[in-house]
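# Structure assessment
So you can see what is in the structure, the chains are spelled out below.
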Amino acid sequence: MTRSSSWSLSLFVLALLAADLAAQRGGGGRRRPAEVLERVGTWFTVATLPAAEEGQDRLASVDTVAAAVQAKELSVLYVWDSTAEAQKREQFENTMFGSDEVGVALRCFRFARLDLKGDADLTAKYGKKLPVFVVFDEHGKQTAEVSFAGYKAAVNPLTDALGKAAAGHVKPTLAIFVSDYRECVREIEVLIGQRKALSDRVAKAEPAKRAALEKDLAELDAREKKLLATEKELLEKAKVPVRDAAAKRFEPRRGR
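Numbering of residues starts from 1 in each chain and follows the order in which that chain's sequence is written. Restriction of local features to residues with pLDDT of at least 70 applies here, the model being predicted, together with a cutoff of 80 or more for giving and counting side-chain atom pairs; totals for whole chains, interfaces and linings are based on all residues. Just so you know, side-chain values use all the structure's heavy atoms and leave hydrogens and water out.

## Section: unusual backbone geometry
For the bond running from Leu 130 to Pro 131, omega is -5°, close enough to zero to count as cis. With respect to the helices, strands and loops of the structure, Pro 131 is situated in the loop between helix H6 (120-126) and strand E4 (132-136). Between Lys 171 and Pro 172 the backbone carries a cis peptide bond, its omega angle lying at -5°. Helix and strand definitions follow DSSP, with helices as H or I runs of at least four residues and strands as E runs of at least two, each counted in order from the N terminus. Mapped onto the elements of the fold, Pro 172 is located in the loop between helix H7 (155-166) and helix H8 (174-204). With phi around 35°, Glu 85 is a residue other than glycine that occupies positive phi space. Mapping Glu 85 onto the fold places it in the loop between strand E2 (74-80) and helix H4 (86-97). Positive phi, close to 55°, is recorded for Lys 239, a residue that is not glycine. Mapped onto the elements of the fold, Lys 239 is located in the loop between helix H9 (207-237) and strand E6 (248-249).

Below you can see the structure in the form of structure tokens.
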């Protein structure tokens, strides 16, 4: 880049990173780019319980888990009751599902929400434990039940359980994947901001200065190509499943 554009963009990047840290702590109102939210957000499908049959493990028989077994993939169910303590539940979900660490870790699993509303059998079994994350390995074997009774949010118990379920499946480990992938996405986010800043300058620049700025844009394109290649390699090593077309991104609720 030219010296002048490099200096101004350096200041822009510092501001961007500071805003990003504030956003991840739950502060700041900056809207992150859609390309970033697609990568680090928590995406889920809505699962339904199969009818009860004698001797059947109903959670392991949920369509999300069964499909994961067929594809030799990991899966997680978020078991909850939509009738219980709405405000506490929303605060809990904002913290858990608003976390980049959780969002990235869950990318290695098929993830679904399962509402126990109206199901007497499983409510009797799990009611006092709710909400519960039930984790399955690629064979459909349950590896963990992580209870957050009272809706007391804490990221580490969940990510620890996910890491144990992913051992030997996600390469090299889930924790390393999450760290490396988040760093890659941070660089992508910075690049998106740099491109916007440069594009705005190109649009306003005099013809004599436009060529140099366009050269800087070409350098950003080359950097993006390398970052996307790195991202692709990380996703392949971690065996990240293709996202279900019906999946929706969790959007934290603000101001309640």
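## Considerations on the pattern of salt bridges
Within this document, salt bridges are pairs made up of a side-chain nitrogen of Lys or Arg and a carboxyl oxygen of Asp or Glu, the two lying within 4 Å of each other. Here the structure, examined in full by the defined rule, presents 16 salt bridges. Of the charged contacts, one joins Glu 38 and Arg 243 as a salt bridge, the two residues approaching to 2.8 Å between their closest N and O atoms. A residue pair is termed long-range when its members are at least 10 positions apart, and Glu 38 in helix H2 (residues 34-40) and Arg 243 in the loop between H9 and E6 qualify at 205 residues. Since its relative accessible area comes to 34%, Glu 38 is described here as partly exposed. Between Arg 110 and Glu 73 there is a salt bridge; the shortest N-O distance is 2.6 Å. Of this pair, Arg 110 sits in strand E3 (residues 109-115) while Glu 73 sits in the loop between helix H3 (63-70) and E2, and the two are 37 residues apart along the sequence. Burial classification: accessible surface area is computed with a 1.4 Å probe over protein chains only, and a residue below 20% of its type maximum counts as buried, one above 50% as exposed, and the rest as partly exposed. By relative accessible area, which is 27% here, Arg 110 ends up partly exposed. Given a relative accessible area of 15%, Glu 73 falls into the buried group. Each of Arg 32, Asp 100 and Glu 189 takes part in one network of salt bridges that share partners.

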